Amino acid sequence: MNIIRKLEVEHSDGTSYSQMFLTNEDLLPVPRAKQTWKHRNFIAFWIADSFNVNTWMIASSMIQAGLSWWQAWICVWIGYGIVAPFIVLNARPGAIFHITFPVVARTSFGLYGSLWCTFNRGAMACVWYGVQVSIGGSCMFVMLRAMWPGIDNIPNGLPYSAGITTKEMLAFFLFWLISLPAIWFPLHQIRHLFTVKAIITPIAGLVFFVWCIVKAKGVGPIIRQPGTMHGSDLGWGMVTNLMSCISNMATLLTNAPDFASRSHSPSAALWPQLLSVPFTFAIVSFIGIIVSSSSQTIYGEAIWSPIDLLNMFLDNSPSHATRFGVWFIAFAFIIAQIGTNISANSVSAGCDLTSLFPRFINIRRGGYIAAIVGYCILPWKLLASSNGFTSYLSAYSVFLSSIAGVMVTEYYFIRKGHYRITDLYDTRRNGWYWYTCGFNYRAYVAYIAGILINVVGFAGATGRTVPIAATRIYEMSFFTGFGISMIVYLLLNWAFPVLGASQTFEEVDVSGWDSQVADDLNSADSRSMKEEIGTEDEQNTQ
């Protein structure tokens, strides 16, 4: 028992087992002292998050599919312009009540029903963590090669079945290792990493941009290359590609309350996100288009991956200036990948795993679990089988959009901004979020409905023959999943009203919770304090 006690996160001796299943410090409303994310921090966050290898290459698949560069760029603007309001909508409960995604999910799916949502998101965050480390390992290899060209001569001691060479494993491990310290910092302090990244990465991007234009003596032929799609094919091609931008953000959209919970004010999580998302991602993708276009002039073919292009710069005995330039840009991409992994995966996994095992896991421990799992799944093998893995990732956005549809509907249309914070940590049978034995069947029916409408289309995406209508529905999977779950949830709540449904919209905690109480909730008398607040609120309601 002493070993189990040592493994537990810090809590009071008087904490009951039911409390330890629902509560720890990282699940409570964030105290005022830790609400440190201001407007500039959210702007820096999105500048930092947008600059990564995936965003750089987001337009490449569109151009290769037959769009012209400007059609692809319009898709990026529209796609990220559409997803930004959804991020803001889902972040709002976190910004108002300063709670993270797993706790917000309790309001719609129930105290225990929410665990599937957090497991779903947390498991995928672990997988994505490994994938991003694999990409970061490629950046690390290029940086090491710029410093020590002899790294290319390291003999391979791994078997072919490993799917990776010794030098690549070295780079992967080093990137994985240097990422670990960033997980240590609490959420209200990690904003400084994004500030640093927001300074370094745009400078490196601009250097890369100008360098390639100068080297190619122009912007290259892709800018003058017309699209090959026309008519309805062009229309659906643009829809499909802008939806890929939205799917790319499905993870951050779902766990938007995690960062918003640290916002200094509600407006800090509103306008900076609404405006920064489309602008930053469009600028980075534009730089990627021009750099790749210039590479076609330099090498006779378009090199869409910035890492592959930097690696080619190091061929044929480059000058010291070239090696330094490659080193700096590769270093910036390393910082970029670390920041992206923290924002999209480490923090998410930490919050989600905390809700699954709050007695033993906090955000920091959850982040390190994600790092270990991300290594153990051998992510380079997932990337090697790209077709199946890409299809799975595309389908994953359907699951997340259905969750987001239920959560947004719950906040804006069912309870209309009314929360009862004490009930989020209490298993009282008359609590708002107890529903049916801790599960809200309305949310689950809506969630499954949002998935089912896309099942046939997903089968078509994996190579099976399906009706064209099903394919079109799946091509708009985010909207169909979000919309159907929203409609079904509204209808079920109309037919079977929930406790606490409101007629007027007002963002208020009716339990009278004060965020400063979060500092003392784990004290021995916290249970009686919560019951006292709840009893008083019941009397007022009656």
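Residues numbered from 1 in each chain as written. Predicted model: local features only at pLDDT ≥ 70, side-chain atom pairs only at ≥ 80, totals over all residues. Heavy atoms only, no water.

Below, the discussion takes up the side chain of Gln 71. Here Gln 71 shows up in helix H6 (residues 69-97). Judged by relative accessible area, which is 8%, Gln 71 ranks as buried. Among the polar contacts listed, one links the side chain of Gln 71 to the backbone nitrogen of Ser 68, at a separation of 2.9 Å. Beyond its immediate stretch of four places on either side in the chain, Gln 71 contacts Gly 227, Leu 234 and Met 238. (Helix = DSSP H or I, 4+ residues; strand = E, 2+ residues; numbered from the N terminus. Buried < 20%, exposed > 50% of the residue type's maximum accessible area, 1.4 Å probe, protein only. Polar contact = N/O pair within 3.5 Å; in protein donor to acceptor, adjacent residues only side chain to side chain. Contact = heavy atoms within 4.5 Å.)

Before going further, it helps to spend a moment on unusual backbone geometry. Excluding glycine, residues mostly carry a negative phi; peptide bonds, for their part, are mostly trans. One non-glycine residue with positive phi stands out, namely Asn 316, at about 60°. Here Asn 316 shows up in the loop between helix H15 (306-313) and helix H16 (320-356). Take Asn 316: its relative accessible area is 77%, and that puts it in the exposed class. Backbone geometry at Tyr 435 places phi at a positive 50°, although glycine is not the residue there. Along the chain, Tyr 435 turns up in the loop between strand E1 (418-419) and helix H20 (441-452).

The next thing to look at is helix H8 (residues 114-147). Taking 1.5 Å per residue as the helical rise, H8 with its 34 residues ought to reach 50 Å, and the 48 Å between its terminal C-alpha atoms agrees with that figure. Extensive coverage of H8 is indicated by the burial of 27 of its 34 residues. (Expected span 1.5 Å × (residues − 1).)

Right, let's talk about the pattern of salt bridges for a bit. In total, this model carries 11 salt bridges according to the counting rule given. The residue Lys 34 makes a salt bridge to Glu 25 at a minimum N-O spacing of 3.1 Å. One network of salt bridges, with partners in common, ties together Arg 145, Asp 152, Lys 167 and Asp 315. (Salt bridge = Lys/Arg side-chain N within 4 Å of Asp/Glu carboxyl O.)

Formed by 141 residues in total, the largest nonpolar core has its most connected members in Tyr 80, Phe 109, Phe 208, Met 249, Val 277, Phe 333 and Tyr 419. In terms of residues, this core owes the most to one element, H8, which gives 14 residues. Apart from the residues within four sequence positions on either side, Val 277 is in contact with Trp 46, Tyr 80, Val 83, Ala 84, Ile 87 and Met 249. (Core = buried A, V, L, I, M, F, W, Y, C linked by side-chain atoms within 4.5 Å.)

On the surface, a cluster of nonpolar side chains totalling about 540 Å² of accessible area is made up of Trp 70, Ile 74, Trp 77, Ile 78, Phe 279 and Ile 283. Only H6 and helix H14 (271-299) provide two or more residues apiece to the nonpolar patch. The element that contributes the greatest number of residues to the nonpolar patch is H6, accounting for 4 residues. Using a relative accessible area of 34% as the deciding quantity, one classes Ile 74 as partly exposed. (Patch = residues over 30% accessible without salt bridge, like charges linked within 9 Å, V, L, I, M, F, W, Y side chains within 5 Å. Areas by Shrake-Rupley, 256 points an atom, 1.4 Å probe, with all protein chains shown as cover.)

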